[in-house]
Structures are given as C-alpha cells and as structure tokens.
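Chain by chain, the residues:
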Amino acid sequence: MADADVILEVQGLSTSFKTPGGVVKAVKDLSFSIRRGETLAIVGESGCGKSVTSFSLMRLLASHAHIEGEAWLTGRDGRRMDLLSLPSAEMERVRGLHLSMIFQEPMTSLNPLLKVGDQIAEAMAAHGVCTGRAAAQRAVELLALVGISAPEERAQQYPHQMSGGMRQRVMIAIALACKPSVLIADEPTTALDVTIQAQILRLIRRLQREVGMGVLFITHDMGVVSQIADRVAVMYGGQLVEMADKRTLFKQPRHPYTRGLLAAVPDPKKPGRLYGIPGQVETVFGEPVGCRFANRCDHAVDRCRSERPSLSAFPDAQLVRCHFANQIADQMECPA
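Residues numbered from 1 in each chain as written. Predicted model: local features only at pLDDT ≥ 70, side-chain atom pairs only at ≥ 80, totals over all residues. Heavy atoms only, no water.

Asks: Describe the overall build of the protein chain, naming the residues involved and giving the relevant values.
Replies: A tally of regular secondary structure across the protein chain gives 13 helices and 12 strands. A compact globule built from 336 residues should have a C-alpha radius of gyration of about 20 Å, and the protein chain, at 21 Å, falls within 12% of that. Projected onto its principal axes, the C-alpha positions of the protein chain cover 65 × 50 × 45 Å. Taking all 336 residues of the protein chain together, 50% fall into the buried category. Once local pairs closer than 6 in sequence are excluded, the contacts in the protein chain between residues at least 24 apart make up 65%. By element, 51% of the accessible surface of the protein chain is carried by carbon and sulfur atoms, the whole surface being about 15600 Å². With 38 positive and 35 negative side-chain charges, the protein chain shows a spacing of 2 Å between the two charge centroids. (Helix = DSSP H or I, 4+ residues; strand = E, 2+ residues; numbered from the N terminus. Rg over C-alpha atoms; globule rule 2.2 N^0.38 Å. Buried < 20%, exposed > 50% of the residue type's maximum accessible area, 1.4 Å probe, protein only. Contact = heavy atoms within 4.5 Å. Areas by Shrake-Rupley, 256 points an atom, 1.4 Å probe, with all protein chains shown as cover. Lys, Arg positive; Asp, Glu negative; His and termini not counted. Charge placed at Lys NZ, Arg CZ, Asp CG, Glu CD.)

Asks: How would you explain the packing of helix H4 (residues 116-126) against helix H7 (residues 164-176) if you had to name every residue and give the values?
Replies: With their axes 8 Å apart at the nearest point, H4 and H7 run at an angle of 20° to one another. On the basis of the axis angle, H4 is roughly parallel to H7. Note on packing geometry: the crossing formed by H4 with H7 is right-handed. Of the residues in H7, those in contact with Val116, Gln119, Ile120 and Ala123 of H4 are Val170, Ala173 and Ile174. Among the residues forming the contact of H4 with H7, the class breakdown is 6 nonpolar, 1 polar and no charged. (Axes fitted to C-alpha atoms, helices over the stretch in contact; angles between N-to-C directions. Parallel < 35°, antiparallel > 145°, perpendicular 65-115°, else oblique. Left-handed = near helix turned anticlockwise from the far one by under 90°. Nonpolar A, V, L, I, M, F, W, Y, C, P; charged D, E, K, R; others polar.)

Asks: Please set out the side chain of Arg167 residue by residue, giving values where relevant.
Replies: Position of Arg167 among the secondary structure elements: in helix H7. Judged by its relative accessible area of 15%, Arg167 falls in the buried class. Aside from chain neighbours lying at most four places away, what touches Arg167 is Pro106, Met107, Leu110, Pro159 and Met162.

Asks: Mind laying out the environment of Asp302, listing which residues take part and the relevant values?
Replies: Note that Asp302 resides in helix H12 (residues 302-306). Once the C-alpha coordinates of Asp302 and Glu152 are considered, the two residues, 150 residues apart in sequence, prove to be 64 Å apart.

Asks: So what's going on with unusual backbone geometry? Residues and values would help.
Replies: Unusually for a residue other than glycine, Lys179 sits at a positive phi of about 50°. Tracing the sequence through the fold places Lys179 in the loop between H7 and strand S7 (182-186). Exposure remark for Lys179: the relative accessible area of 47% places this residue in the partly exposed category. For Asp316, which is not glycine, the phi torsion reads 65° and is therefore positive. Here Asp316 lies in the loop between strand S11 (312-314) and strand S12 (318-320).

Asks: Residue-level account of the nonpolar core, with values.
Replies: Grouped burial of nonpolar side chains is what soluble globular proteins tend to show. Core analysis: the largest hydrophobic core is formed by 62 residues, its most contacted members being Met124 and Ile172. Of all the elements, H7 adds the most residues to this core, at 7 residues. What Ile172 contacts, discounting residues up to four positions off in sequence, is Ile102, Val146, Ile200, Leu203, Ile204 and Leu207. Formed by 35 residues, the second largest nonpolar core is a distinct cluster that contains Ala26, Cys48, Val182 and Ile218. (Core = buried A, V, L, I, M, F, W, Y, C linked by side-chain atoms within 4.5 Å.)

Asks: Tell me what's going on with H4, and back it up with residues and numbers.
Replies: For H4, every residue scored as buried is listed here: Val116, Gly117, Gln119, Ile120, Ala121, Ala123 and Met124. Buried-residue contacts for H4 involve helix H5 (132-145), helix H6 (151-154) and H7. After H4 finishes, the residue Gly128 shows a positive phi value of roughly 70°.

Asks: Account for the packing of aromatic side chains, with residues named and values stated.
Replies: Scanning the model with the defined rule gives 4 aromatic pairs in all. The rings of Tyr236, Tyr257 and Phe293 are connected pair by pair, giving a single aromatic cluster. Directly above the ring of Phe324 sits Arg303, whose terminal nitrogen or CZ lies 6.0 Å from the centroid. (Phe/Tyr/Trp six-rings, centres within 6.5 Å; stacked < 30°, edge-to-face > 60°. Lys NZ or Arg CZ within 6 Å of the ring centre and 35° of its normal.)

Asks: Go over the sheet that holds strand S2 (residues 22-35) with me, naming the residues and quoting the values.
Replies: Read across the sheet, 4 strands follow the order S2-S1-S4-S5 without closing on themselves; strand pairing throughout is antiparallel. With one partner strand each, in any of the chains shown, S2 and strand S5 (80-82) form the two edges of the open sheet. Each neighbouring strand pair of the sheet contributes to a mean axis angle of 5°, computed without reference to strand direction. Here strand S1 (residues 6-19) runs beside strand S4 (residues 65-74); their pairing, made up of 8 bridges, is antiparallel. Looking at the pairing, Ser16 lines up with His66 of S4. (Pairing = 2+ DSSP bridges.)

Asks: An account of the pairing of S4 is needed here, citing residue identities and associated values.
Replies: Sheet topology note: the S4/S5 ladder contains 3 bridges and is antiparallel. By the bridge assignment for S5, Leu73 is matched with Met81. Counting the residues between successive antiparallel strands, the hairpin from S4 to S5 contains 5 residues, one of them, Gly78, with a positive phi of roughly 85°.

Asks: Before we move on, can you summarise the pattern of salt bridges with the specific residues and values?
Replies: Under the counting rule described, the total for this entry stands at 11 salt bridges. In this structure, the salt-bridge partner of Arg303 is Glu307, at a minimum N-O distance of 3.3 Å. One network of salt bridges, in which partners are shared, links Asp77, Arg79 and Glu90. (Salt bridge = Lys/Arg side-chain N within 4 Å of Asp/Glu carboxyl O.)

Below, the structure written as structure tokens:
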C-alpha cells in the first residue's frame, strides 16, 4: 500500500514511570504503523507493555509518566497530527473524534448513574457531531448497529441491567459514535465467554469494513490474534521482539518468546500437556544489559546476557529482536 494509506505511525515511543525503586521502563523505543482498514494486534503477557502503549497514545497516563517519541495520526478530517505533542485541550478533542478506545472492563468504564443511550449521545455531543433529539436517535441506531436487540428499550437502561456482552457492545457503540480514524481495543473480549467473544470479534471486523478505520487490537490470546489480526506485533519487557503479517508469524516465528506463546495455545490435533514459558515478566528498571528475555529463554547464551539484540529485518517484512533468529526459525517444533 502507498504511504497515504498509513493513518497511524508511531516512532520511538518510550514510556517510563518514576517509582520508589527507580525508573521503570514500561515501553522502550516502540515503532509501528497502521494502514486504513488494517488491524494490528499487539500481543504479549501481562506486564509486557501492551496497555501502557495504548494509554500512552491516548494520553491517559498519570502525571508521573514520562512519554517520548512521536505518534502521527491522520484524523477523519485529513489533518495529520502528533498525538504526543498536542496541547492537552486539543488532545481532549482528538479522543473519541479521531482516536477512540474500547476499554478492558466495561462495568468500570460506563457511568452506573446514566442510561446507556445518554452515555452514547454524550460522546457525540461532546464533539459537536449532534445534540439533543438527533443524538438520542443516533444512539439508538448505534445500539442496533452493534447487534443489541430492542435498541429503543435498551437505550433507556442502566449498565447494571445489561449482561457483560451487552455492556461491551455499548462500549463499542460509544467508541464508534464519531467514526474515528483509529480504534484501540484493549483486550475487549477477556471477560466474555467464548460465544460472546466470537460475536464481538465479528462485530469489530464488520464495523471496521463499514467505517474504514484502522484497529489497534491489544490481547494476550494468540487464538484471538488468529481471528482478528492482519499483522502482529509481539511485545516483551516493553520492547517489540517480533513483527510480521499474521500468516508469516504463525507459520515461521523467529523469536523464542513468540514460539512459546504459540506453543501455549491448545491444539485439538495435538492432545497432551501444554507448553508453558518458565518464569514471569520482570519489571524493567533503568537500562538493562542484554536481551530482556534471556532469563526465560531455552536458547540463551552468554552473548544474550551481555549484548542487547537489535531489530533485524527478514523476508516478508518480518522484524525480529534476537541474536539467533535464523537458527530458531529452523526449529519448527516448539520445545516441550
């Protein structure tokens, strides 16, 4: 695709927090882009920096967070803007209008004291899209669009009167109310059962095609990635460790962490014990030496612990941060 199709381009995003134990590097030098109509999935375990990335782009982090880098968004009006350098007042106008987010837990994101129809209408009124009766009618239309039956009645209900799946659909309706250029979905199906999860994924795909927006989908579930993503970015320890189109990543993962995530997905064709990555994600203070995954990697040698790997490019636009990416790619069976 041409460069004109890129609607979000993130360059060198770094986010750190000052804590009593020192400076925590939650995200380090992250770069990626999203094209119009494309879904980029960011995947990794809890603590790898996925949600911090999304909150950094939305500028919703606490004041003690320090954000560096650039994030160029092409808005629905065609204007190109750096999200990370916009004044706070202007960023408030961007949220919801040009860049929207579906949060992980709808029950804590929705206002329990307002009817859901009023909450959807409020999002449109805040950005001057429509107000009053027109906004109320559009809210009903959006509820119908996201697959909620009897939308006129549901619009008059409060969040606690709805199921988890319905509340998540309301959150999607709010996020789509102003037809944003880019939608960030932060683990929107984590708390839902498998049936509702599949419905939500199909809904996001369908609405994406109808509205033409780009989607940044954040998840820890490789099964969900296989259903929703066009390209995949794997994060570990706040860094990008592998990026490729979905087919390439699933067919030939080159980073041991990616291979471990894929091996942990249940496969009905291969019954038996699941593979688990030993250890857990460690909090990253300061500038660690060597590979951040070395303490959990079956392939790690002294070089991994003393020399920081850089991103290397491979065929099919695959990027990998590993000293031994070529050798690992030849080992098609994940360790058991």
